[in-house]
Structures are given as structure tokens and as C-alpha cells.
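Listed below are the residues making up each chain.
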Amino acid sequence: QVQLEESGGGLVQPGGSLNLTCVARGSGFSMIHMGWYRQTPGSEREVAAAFYATGMTIISNIGKGRFTISGDSAKNTVTLQMKSLKPEDTAVYYCRAYGSVSGTNNNYWGQGTEVTVAS
């Protein structure tokens, strides 16, 4: 069983910064990639950024120039650093981990952490 432990959400003023961290915990889990998605009521979940075990990172258009993602594949950990936050960044942010357990690849989601950007 793999569980994702998310932390770092909360309230931040416009223009502020916030870091979200996710740790995938589970015996034998080896990440292939991990990332952060976000979702607002009535909208589909959209990707913000992803970190690959190879070291490659992807930042989607919603975070270009403002978001950075880093990770540690040995620790199955990923951190999303968000700066210059805007009210429209308000959403529930979900961690996603895709990886292998005993040779079988699976997809896992965290429960979500709320980010509110407001003055």
C-alpha cells in the first residue's frame, strides 16, 4: 500500500510564496514520476508540474515563470515551490505519484491540500 503525505497548503496573500511537499510512503515503492495537480470547483484537475526520477522537470503553462518543482527519487519526495501567487491560483492541490511496487506500475493520488490566495 502506497500513501501520499502532502503538506504545505494554506492561506497566502497575493504576490506571496508557498511550498507544497509530497512524500510517497510504501514498502518497495520506487517513483517513476511525481507531480502536483490542482482543481477548482466545477473544473477538471489540471497538472501544475511534474518531476521525473531521471531528473527531468515539467512546468505547465499555469506555472511558467512562477512555479518550480524539485524532488528526490531516492526519498520519493517532490516539492512544488510557488511564487508570485495570484487569487486564481486558489485551488485544491493534489499530489500524484506514478511508480513501481514489486515490478508493477501504479498511479496514486493524495487527498489534496487547499491553497487560498487572498488578501
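First, a word on scope: everything that follows refers to the structure included in this document.

Conventions and cut-offs
Residues numbered from 1 in each chain as written. Predicted model: local features only at pLDDT ≥ 70, side-chain atom pairs only at ≥ 80, totals over all residues. Heavy atoms only, no water. Phe/Tyr/Trp six-rings, centres within 6.5 Å; stacked < 30°, edge-to-face > 60°. Helix = DSSP H or I, 4+ residues; strand = E, 2+ residues; numbered from the N terminus. Buried < 20%, exposed > 50% of the residue type's maximum accessible area, 1.4 Å probe, protein only. Disulfide = S-S within 2.5 Å. Polar contact = N/O pair within 3.5 Å; in protein donor to acceptor, adjacent residues only side chain to side chain. Contact = heavy atoms within 4.5 Å. Salt bridge = Lys/Arg side-chain N within 4 Å of Asp/Glu carboxyl O.

1. Focus on the packing of aromatic side chains
(1) Moving on: The full count for this structure, using the stated rule, is 2 aromatic pairs.
(2) Moving on: Measuring from ring centre to ring centre gives 5.8 Å for F29 and Y108, while their planes differ by 85 degrees; the resulting arrangement is edge-to-face. Residue F29 is found in strand β4 (residues 29-39), and its partner Y108 is found in strand β10 (residues 104-109); the two are separated by 79 residues along the sequence. Residue F29 shares its accessibility class with Y108, and that shared class is buried.
(3) Moving on: Measuring from ring centre to ring centre gives 4.9 Å for Y37 and W109, while their planes differ by 70 degrees; the resulting arrangement is edge-to-face.

2. What to know about the state of the cysteines
(1) Moving on: Inspection of the entire model under this criterion finds 1 disulfide.
(2) Moving on: The disulfide partner of C22 is C95, and the gap between their sulfur atoms is 2.1 Å. With the S-S dihedral at roughly -85 degrees, the linkage between C22 and C95 falls on the left-handed side. Residue C22 is found in strand β3 (residues 18-25), and its partner C95 is found in strand β9 (residues 91-101); the two are separated by 73 residues along the sequence.

3. Things to note about the side chain of R66
(1) Moving on: Looking at where R66 falls in the secondary structure, it is placed in the loop between β6 (57-59) and β7 (67-72).
(2) Moving on: Of the residues examined, R66 reaches a relative accessible area of 11% and is grouped as buried.
(3) Moving on: Among the polar contacts listed, one links the side chain of R66 to the backbone oxygen of I62, at a separation of 2.8 Å.
(4) Moving on: Setting aside chain neighbours within four positions, we find R66 in contact with Q81, M82, K83, S84, L85, K86 and D89.

4. With respect to the pattern of salt bridges
(1) Moving on: If you walk through the whole model with that rule in mind, you get 4 salt bridges.
(2) Moving on: Linking R38 and E46 is a salt bridge whose minimum nitrogen-to-oxygen distance equals 3.1 Å.
(3) Moving on: Residue D89 is joined to R66 by a salt bridge in which the shortest nitrogen-to-oxygen separation is 2.7 Å. With D89 in the loop between β8 (77-82) and β9 and R66 in the loop between β6 and β7, the pair connects residues that are 23 residues apart, well separated along the chain.

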